[in-house]
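# Examining the three-dimensional arrangement
Listed below, chain by chain, are the residues.
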Amino acid sequence: SSDVCSSDLGLAAASIGWEAKIELAHGRHEEAMRLYLEQYATGDRSAVVSLRWATGRLLQGNTTRLRHVARDPALRPIVTAYIIAGGGSLADSPVPSDTGNSNQNDEIWLCAVEMAAANDVDGADRLAWAAYQGGHWDAAKRWLALSSPHSATAQWVRAKLLLHDGRVEEATRLLGWLVKRFPRHEQWDGAYTGFYPDSSSEDSTNTAPTQVMGELGALQLARGQYVQSLDLLMRGGYWLDAAYVAEQVLTPEELTTYIDHRAAKDDEATAQLRLLAARRLNRLGRFDQARRYFPADMLDQFDRYVNGLQVGHDTKRPSAERADALWNAAQTARYWGR
């Protein structure tokens, strides 16, 4: 009975965490990190915060200790993921903010891995990402050469390096390939965070494929491929960017053609895009066309607005009637214009 109660209360996991905390207090970072991993394996999500703390402390330590960790196949990917995540999102962590920036951590860790001669192919793609993120182009290329050619992460770094070298067409082709082949289950948080939890959700737009879509969408915009850019941004969930392209870049004809091709999609993004097109066409005075894209629950207001404008601008009608119609249209625009 006591064992069941202890399990229900999470005391077993908590005891591992307390043991890890003691190890960390004595400067035994490797032991602490292993224990936090064990705590996380029990299902205790709070262990991730502790693991970030321990990793941050480790990077403040001596080079010899870092080299030991760099040789450890279980701990090395954790430190690399921490580096790539820009310091592990420790904004609310007690680790002092003046203990070194992420670029310094990049250099310290990459140097430790190279000195440890830990040329592990399975982790080379992430090390290449860390090197690229820190602006160490040559190091990124070295780790890229050790990466598996089947790694989507490695190919993403390769695309970025191609862009850095001005090889835009090659980078565009590679990003287009990655959109279809990046593992769809990986959730990202601004940068690669492979070992962190919540990496199994396919509902989030914050995934590797959607980030690739965003980058490729921006690249296609710069190349003048405007419709392709809009499609990628829409598919990636980058609504504000997609709205800019739809509102400011595409012609009305290009926009409506794109929307009509998405007619089968009944999702919130498509509904937002249809409403954007309706407002844009309305401003252009193309009322019949605009009406096709307004949602059903707005048609009464839209018809009232259009009728007010048409009556108000009919010079054959009495001035008082025209004035009243324009006043009604103005009120409709004031309360329903957005």
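Residues numbered from 1 in each chain as written. Predicted model: local features only at pLDDT ≥ 70, side-chain atom pairs only at ≥ 80, totals over all residues. Heavy atoms only, no water.

### Topic: the overall build of the protein
Scanning the protein from N- to C-terminus turns up 19 helices and 0 strands. The buried share of the protein, reckoned over its 338 residues, is 43%. Partitioning the contacts of the protein with sequence separation of at least 6, the portion at a separation of at least 24 is 55%. When the accessible surface of the protein is split by element, carbon and sulfur atoms take 50% of a total near 18,000 Å². (Helix = DSSP H or I, 4+ residues; strand = E, 2+ residues; numbered from the N terminus. Buried < 20%, exposed > 50% of the residue type's maximum accessible area, 1.4 Å probe, protein only. Contact = heavy atoms within 4.5 Å. Areas by Shrake-Rupley, 256 points an atom, 1.4 Å probe, with all protein chains shown as cover.)

### Overview of the side chain of R262
Looking at the secondary structure, you find R262 in the loop between α15 (252–261) and α16 (268–283). Setting aside residues no more than four positions away along its own chain, R262 makes contact with D231, M234, D267 and T270.

### Some remarks on the packing of aromatic side chains
Enumeration over the complete set of coordinates arrives at 3 aromatic pairs. Between R334 and the ring centre of Y335, over which it is positioned, the NZ or CZ distance is 5.1 Å. (Phe/Tyr/Trp six-rings, centres within 6.5 Å; stacked < 30°, edge-to-face > 60°. Lys NZ or Arg CZ within 6 Å of the ring centre and 35° of its normal.)

### Observations concerning the pattern of salt bridges
Going through the model one piece at a time under the given rule, you end up with 16 salt bridges. Its salt-bridge partner being R286, residue E253 comes within 2.8 Å of it at the nearest N-O pair. Pair noted here: E253 is in helix α15 and R286 is in the loop between α16 and α17 (287–291), with a separation of 33 residues, a long-range link. By relative accessible area, E253 is classed as partly exposed at 42%. Residue R286 is classed as partly exposed on the basis of its relative accessible area, which comes to 27%. The salt bridge involving D267 is made with R262; its shortest N-O contact spans 3.8 Å. Linked through salt bridges whose partners overlap, the residues forming this network are D314, R317 and E321. (Salt bridge = Lys/Arg side-chain N within 4 Å of Asp/Glu carboxyl O.)

### Brief notes about helix α6 (residues 76–84)
For α6, the buried fraction is high: 8 of the 9 residues fall into the buried class. Taken as a whole, α6 has its buried residues at R76, I78, V79, T80, A81, Y82, I83 and I84. Just downstream of α6, G86 is the residue with a positive phi angle, here 70°.

### Remarks on the side chain of D44
Of note, D44 is situated in the loop between α3 (29–41) and α4 (47–58). One buried charged residue, D44, remains without a salt bridge, the closest side chain of opposite sign being R45 at 7.9 Å. Within polar-contact distance, the side chain of D44 engages the side chain of S46 at 2.6 Å. With sequence-adjacent residues up to four places away left out, D44 is seen in contact with A13 and Q39. (Lys, Arg positive; Asp, Glu negative; His and termini not counted. Polar contact = N/O pair within 3.5 Å; in protein donor to acceptor, adjacent residues only side chain to side chain.)

### Overview of helix α18 (residues 299–312)
Every α-helix winds through 3.6 residues per turn, so residues three or four apart in the chain are directed the same way. Helix length check: α18 (14 residues) gives 19 Å between terminal C-alpha atoms against 20 Å at 1.5 Å per residue, within 8%. All of the buried residues in α18 are L299, Q301, F302, Y305, V306, G308, L309, V311 and G312. (Expected span 1.5 Å × (residues − 1).)

### Examining the nonpolar core
In this structure, M33, V79, W109, W156 and L175 are the most contacted members of the largest nonpolar core, which totals 54 residues. Among the elements that take part in this core, helix α10 (residues 152–164) stands out by supplying 7 residues, more than any other. For V79, the residues in contact, after removing those within four places along its chain, are M33, T55, L58, L59, V69 and W109. In this structure, M234, A277, L299 and A329 belong to the second largest nonpolar core, which totals 27 residues. (Core = buried A, V, L, I, M, F, W, Y, C linked by side-chain atoms within 4.5 Å.)

### Quick look at the confidence of the model for the protein
Per-residue pLDDT for the protein averages 82, and the proportion of residues at 70 or more is 83%. Considering only residues more than four positions removed or in separate chains, one finds that residues 88–101, a stretch of pLDDT under 50, has 16 contacts. Confidence drops under a pLDDT of 50 for residues 189–204, and excluding neighbours within four residues, the segment shows 41 contacts in the predicted structure. (pLDDT = per-residue confidence, 0-100.)

### A closer look at the packing of α4 against α6
Remark: α4 packs on α6, axes separated minimally by 10 Å, with the N-to-C direction vectors making an angle of 90°. Regarding the angle of α4 to α6, the classification is roughly perpendicular. On α6, the residues touching L51, R52, T55, G56 and L58 of α4 are I78, V79 and Y82. By residue class, the composition of the contact of α4 with α6 is 5 nonpolar, 2 polar and 1 charged. (Axes fitted to C-alpha atoms, helices over the stretch in contact; angles between N-to-C directions. Parallel < 35°, antiparallel > 145°, perpendicular 65-115°, else oblique. Nonpolar A, V, L, I, M, F, W, Y, C, P; charged D, E, K, R; others polar.)

### Considerations on the packing of helix α12 (residues 208–222) against helix α13 (residues 226–236)
Geometrically, a packed helix pair is captured by the angle between its two axes and the distance between the axes. Interhelical geometry of α12 versus α13 gives an angle of 160° and a closest axis separation of 8 Å. Of the possible angle classes, the one that applies to α12 and α13 is roughly antiparallel. Considering only the axes of α12 and α13, their crossing is left-handed. Across the interface between the two elements, T210, M213, G214, L216, G217, Q220 and L221 from α12 touch Y226, Q228, S229, L232, L233, R235 and G236 from α13. (Left-handed = near helix turned anticlockwise from the far one by under 90°.)

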